[in-house]
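So the chains spell out like this:
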Amino acid sequence: MTKQSIRQDTLNALDQMPQALRQVYEDNLLHQLLNKIQRESIKTIGFYYGFHPEIMTPHFFDTLWQEGVQIYLPRMQPKRQLTFHRYQDQDPLDVAFKDRVYQPYNEAKSIDPSQLDLLIVPGVAFKLDGHRIGHGGGYYDRLLEKSTMPTIALVFPQQVYKADAWNVQAHDCAVESLLIARKENEED
């Protein structure tokens, strides 16, 4: 399969996921993330503003703020670069990329990505070794290529593929680990 066909198949599978199952998985991912934050004393997170059919990350924000976590969202810059800007409750967001990307305005307080305690990397499909297929823009690969901050991805089971599902290219950068959603009765 090609990366494009995997991307489309995965997005279709996510779109077909029953809402009740989606809610169980998102709750579980938030629980796993909170455990990591507390265990590792994480205070600053580079996150992303995700929406259906992917993980609805804005549902996580209030809980993270209550934990004292500062959230920094990416802003697309020229030459497919990303900067990270502080996002607080009710901050207005700019809409870009065919109305599919919500990002802070350039004037919002920024942080050097190397100062983040954790970067949560989006993606459409993932291998267990952390290699990912995103939306094809290469923004995160460029960031990960020159970065040393800890990285994870929040993943639904429908997004996980076997090691040989696609060929990894030289410019593809993996995340360090995956938090894979599971039903509450599944073992850790």
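Please read these numbers as outputs of a predicted model, since none were measured by experiment.

Draft legend 1. Region of interest: the sheet that holds strand β12 (residues 177-180). As summarised here, the arrangement of the seven strands in space is β6-β3-β2-β1-β7-β10-β12, forming an open sheet in which the pairing is mixed. The sheet is open, and its two borders are formed by β6 (110-111) and β12, each paired with just one other strand. Where strand β7 (residues 118-120) lies against strand β10 (residues 151-155), two bridges are found, and the strand directions are parallel. Along β10, the bridge assignment pairs Leu-119 with Thr-151. Of the strands in this sheet, β1 (44-46), β7, β10 and β12 are in contact with helix α2 (residues 19-40), which crosses β12 at around 135°. Docked against the sheet, helix α3 (residues 58-66) engages β2 (70-77), β3 (81-87) and β10, running at close to 135° with respect to β2.

Draft legend 2. Just the sheet that holds strand β11 (residues 160-161), in detail. The strand order β9-β8-β11 describes an open sheet built from three strands, whose pairing is mixed. With one partner strand each, in any of the chains shown, β9 (132-133) and β11 form the two edges of the open sheet. Pairing of strand β8 (residues 125-127) with β11 involves two bridges; the strand directions are parallel. From the neighbouring strand, Lys-127 faces β11, where its bridge partner is Tyr-161.

Draft legend 3. Molecular detail of the UniProt feature "binding site: substrate" (unreviewed entry) in the protein. Following the UniProt record, the feature "binding site: substrate" (unreviewed entry) maps to Glu-54 here. Residue placement: Glu-54 occurs in the loop between β1 and α3. Ignoring anything within four residues of it in the chain, the contact list for Glu-54 reads Leu-11, Leu-14, Arg-22, Glu-26, Gly-123, His-135 and Phe-156.

Draft legend 4. Local environment of the packing of α2 against α3. One way to put it is that α2 packs onto α3 with a least axis distance of 11 Å and a crossing angle of 35°. Crossing geometry of α2 relative to α3 is assigned as right-handed. Taken together, the residues of α3 that come into contact with α2 (itself represented by Glu-26, Leu-29, Leu-30, Leu-33, Leu-34 and Ile-37) are His-59, Phe-60, Thr-63 and Leu-64. Residue composition of the contact of α2 with α3, by class: seven nonpolar, two polar and one charged.

Draft legend 5. Examining α2 more closely. If you check α2, its first and last C-alpha atoms are 31 Å apart, about what 22 residues at 1.5 Å a residue would give, namely 32 Å. For α2, the complete set of buried residues consists of Arg-22, Tyr-25, Glu-26, Asn-28, Leu-29, Leu-30, Gln-32, Leu-33, Leu-34, Lys-36 and Ile-37. Directly after α2, the chain includes Ser-41, whose backbone phi takes a positive value near 50°.

What counts and how
Residues numbered from 1 in each chain as written. Predicted model: local features only at pLDDT ≥ 70, side-chain atom pairs only at ≥ 80, totals over all residues. Heavy atoms only, no water. Pairing = 2+ DSSP bridges. Helix = DSSP H or I, 4+ residues; strand = E, 2+ residues; numbered from the N terminus. Contact = heavy atoms within 4.5 Å. Axes fitted to C-alpha atoms, helices over the stretch in contact; angles between N-to-C directions. UniProt positions renumbered as here; feature names shortened; annotations may be inferred. Left-handed = near helix turned anticlockwise from the far one by under 90°. Nonpolar A, V, L, I, M, F, W, Y, C, P; charged D, E, K, R; others polar. Expected span 1.5 Å × (residues − 1). Buried < 20%, exposed > 50% of the residue type's maximum accessible area, 1.4 Å probe, protein only.

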